[in-house]
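# Analysis of the macromolecular model
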Amino acid sequence: MVIATRLRPERLAFLAAMHASLCRQSVPWEAVVVLDGADPTRLPAALAADPRIRTLALPRPVGAACARNFALNEVRTEYVQWADDDDEFTDCAMALRLRTLEETGVGWCAGYSQDLHADGSTTLWRCPTPPGRHEAEDVWRYWKDPADTIPLGPTTLLARTDLVRAAPMGGLVQGEDYCALAITCLAPGILLPVPVYRYRKHAASLSSSACLSTKAHGAVTNGPIY
């Protein structure tokens with residue numbers, strides 16, 4: 001797991017909730033939390049005390065894409081995925097996708113995402129890519145036009161670490177997610193018709209800006225504003 005953050009005060013509770021969702025997973029995991037120019041002493045106590053979490057403190061802010069790629073060098077697990085500091089995983093997220101990867105030998109496994117609203121309710125988002133197995137390069141075929149919804153939510157992808165390193169985050173302004181989908185061009189994968197990731201809708205999210213559409217659920221995607 002790679003989580004980039006600037007430890008902004010209004011987002012610390014969200015980061016703690018992300019950590020809590022990881023603690024509810026039924027399979028072993030570890031995470032690299034990359035601090036993008038942030039003061040390490042502001043890391044929530046629960047994360048600082050968790051031996052499964054390693055921090056990478058960058059001396060100055062470098063931006064979401066670069067920070068994530070730095071952290072990717074520290075990943076020690078066979079599989080990895082990106083996560084934002086204000087989102088959450090469903091309880092079955094890791095187990096379902098890990099079992100699929102190990103049983104089928106594909107390079108990546110993804111699921112649906114949910115919008116997580118301030119009142120705790122969720123709205124399911126079904127991406128344009130249909131459930132099932134997809135050969136390398138197939139996913140992009142479901143993105144007919146740049147104005148269309150992105151074909152797959154990149155933060156729902158659990159993939160082989162070597163593939164993620166071969167197709168890391170790109171430095172496109174508010175377009176890191178596009179580059180992350182390049183993973184699906186390198187190996188076959190499977191999309192499960194179950195939610196595995198919750199995207200939090202809140203005022204401090206960059207996608208709440210009037211000039212942007214919703215993250216991963218519209219034509220413009222974005223990395224975390226932290």
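Located above this text is the structure these notes cover.
Residues numbered from 1 in each chain as written. Predicted model: local features only at pLDDT ≥ 70, side-chain atom pairs only at ≥ 80, totals over all residues. Heavy atoms only, no water.

### Digging into the pairing of strand β7 (residues 108–116)
Quick note on the threshold: Residue burial is assigned from relative accessible area. The probe radius is 1.4 Å, only protein chains are included, and a residue is buried under 20% of its type maximum, exposed over 50%, and partly exposed in between. Put simply, DSSP marks the helices as runs of H or I at least four residues long and the strands as runs of E at least two long, and each gets a number from the N terminus on. By the convention used here, strands pair only if DSSP detects at least 2 bridges between them.
Along β7, nine of the nine residues are buried, which leaves the element largely enclosed by surrounding structure. Of the strand pairs in this sheet, β7 and strand β10 (residues 158–160) are connected by two bridges, and their pairing is antiparallel. Paired with C109 across the two strands is L158, which belongs to β10. Where β7 meets strand β11 (residues 189–200), eight bridges bridge the pair, whose relative direction is parallel. Looking at the pairing, A110 lines up with L191 of β11. Relative to strand β8 (residues 122–125), β7 runs antiparallel, the two being bridged by four bridges. Bridge pairing links L116 to T122 in β8. Hairpin remark: β7 followed by β8, antiparallel, with five residues in the connecting loop; positive phi at G120, about 90 degrees.

### Notes on the nonpolar core
Formally: Side-chain atoms within 4.5 Å are what join buried Ala, Val, Leu, Ile, Met, Phe, Trp, Tyr and Cys residues into a set we call a nonpolar core. For this analysis, residues touch if any pair of their heavy atoms sits within 4.5 Å.
In terms of nonpolar packing, the biggest core is built from 31 residues, with W82, W108, L152, V164 and I183 touching the most fellow members. Mapped onto this core, the elements with two or more residues apiece are β1 (2–5), β2 (31–36), α3 (64–72), β7 and α5 (161–166). In terms of residues, this core owes the most to one element, α3, which gives four residues. Ignoring sequence-local partners within four residues, the contact set of W82 consists of V2, R68, N69, L72, T155, V164, P168, M169 and A180. Formed by 30 residues, the second largest nonpolar core is a distinct cluster that contains L22, A38, A83 and V196.

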